[in-house]
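Coordinates in review
Residue-level listing of the chains:
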Amino acid sequence: MRGADSLTPVAREALRAELSSRGMEAPPMKQKTIASEVKVAGAPVIIGQYRDSMEAMVAKSMLDSAGIESFLADENLVNLSWFYSNLIGGMKLMVREEDAETARKLLEEKTPEKFDVDGVGEYVQPRCPKCGSMDVGFDEVDKQSAHVAMALVGVPLIRTHKGGTCHTCGHEWDYDGGPSQG
């Protein structure tokens, strides 16, 4: 039969509290052992706020890949109705306080201009034909039209732009590289 020393520090403390509440003598505990084994996690801190679910999930997956535990606060509310995103400050990417600096550095790393893909070859990141930014998206929902429709008729009418949109300068283009005829 094993003694109280075979329990985890948290279990030993729970056993001690239970025995004390019943008026029984608790087994002696080594304070040094408890202090060295019990790690209290730091409070979660916000390291990023995201209006869109896709951006938030990409950032979270980067942290997950690096072994940094994280979670998205307000994810369900924003996914329920993305109109609330600006109202509540978007989704908040949160990590432990002790992981915050490492996580911020990881998320601030620049996107590589090109990289090798197994079985495909070299992949070159797309750029805006006007300003050269790599912060571009393709086939995106026209959120301005959806907001106007929601305000006027109470239902978002989803219209997508078929082509590229630069998130830096706002330039839009069709897939052939020319300006959008929208």
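Relevant structure appears above.
One structure accompanies this document, and this report is about it. As the structure is a prediction and not an experimental result, all values here were calculated from the model. (Residues numbered from 1 in each chain as written. Predicted model: local features only at pLDDT ≥ 70, side-chain atom pairs only at ≥ 80, totals over all residues. Heavy atoms only, no water.)

1. Digging into the pairing of strand β4 (residues 114-117)
Alignment of β4 against strand β5 (residues 121-124), held across four bridges, turns out to be antiparallel. Bridge pairing in β5 places valine 117 opposite glycine 121. Hairpin connection of β4 to β5: three residues between the antiparallel strands, including glycine 119 at a positive phi of 80 degrees. (Pairing = 2+ DSSP bridges. Helix = DSSP H or I, 4+ residues; strand = E, 2+ residues; numbered from the N terminus.)

2. Quick look at the pattern of salt bridges
Evaluated as defined, the whole model comprises seven salt bridges. Taking the shortest distance from any N to any O, the salt bridge between aspartate 52 and arginine 51 comes out at 3.4 Å. By relative accessible area, arginine 51 is classed as partly exposed at 44%. (Salt bridge = Lys/Arg side-chain N within 4 Å of Asp/Glu carboxyl O. Buried < 20%, exposed > 50% of the residue type's maximum accessible area, 1.4 Å probe, protein only.)

3. Observations regarding the sheet that holds strand β1 (residues 44-50)
Taken together, the three strands give an open sheet; going across it, the order is β1-β3-β2, and neighbouring strands pair in antiparallel fashion. Of all the strands in the sheet, just β1 and β2 (70-73) have a single pairing partner and so form its edges. Each neighbouring strand pair of the sheet contributes to a mean axis angle of 30 degrees, computed without reference to strand direction. As paired elements, β2 and strand β3 (residues 91-96) share four bridges and run antiparallel to each other. The residue of β3 that forms the bridge with alanine 73 is lysine 92. Here helix α3 (residues 53-65) sits on the sheet in contact with β1, β2 and β3, set at roughly 165 degrees to β2. Sheet strands in contact with helix α6 (residues 100-108) are β1 and β3, and its direction is about 20 degrees off that of β1. (Axes fitted to C-alpha atoms, helices over the stretch in contact; angles between N-to-C directions. Contact = heavy atoms within 4.5 Å.)

4. Here we look at the packing of α3 against α6
The axes of two packed helices give the description: the angle between them and the distance between them. Packing of α3 against α6 leaves a shortest axis separation of 10 Å and a crossing angle of 120 degrees. Judged by the inter-axis angle, α3 sits oblique to α6. As for how α3 packs across α6, the hand of that crossing is right-handed. Across from Ala59, Met62 and Leu63 in α3, the residues of α6 making contact are Ala103, Leu106 and Leu107. Here the contact of α3 with α6 is composed, by residue class, of six nonpolar, no polar and no charged. (Parallel < 35°, antiparallel > 145°, perpendicular 65-115°, else oblique. Left-handed = near helix turned anticlockwise from the far one by under 90°. Nonpolar A, V, L, I, M, F, W, Y, C, P; charged D, E, K, R; others polar.)

5. A few points about a nonpolar patch on the surface
A contiguous nonpolar surface patch, about 450 Å² in accessible area, is contributed by Leu77, Leu80, Tyr84 and Leu87. Structurally, leucine 77 can be placed in helix α4 (residues 75-80). (Patch = residues over 30% accessible without salt bridge, like charges linked within 9 Å, V, L, I, M, F, W, Y side chains within 5 Å. Areas by Shrake-Rupley, 256 points an atom, 1.4 Å probe, with all protein chains shown as cover.)

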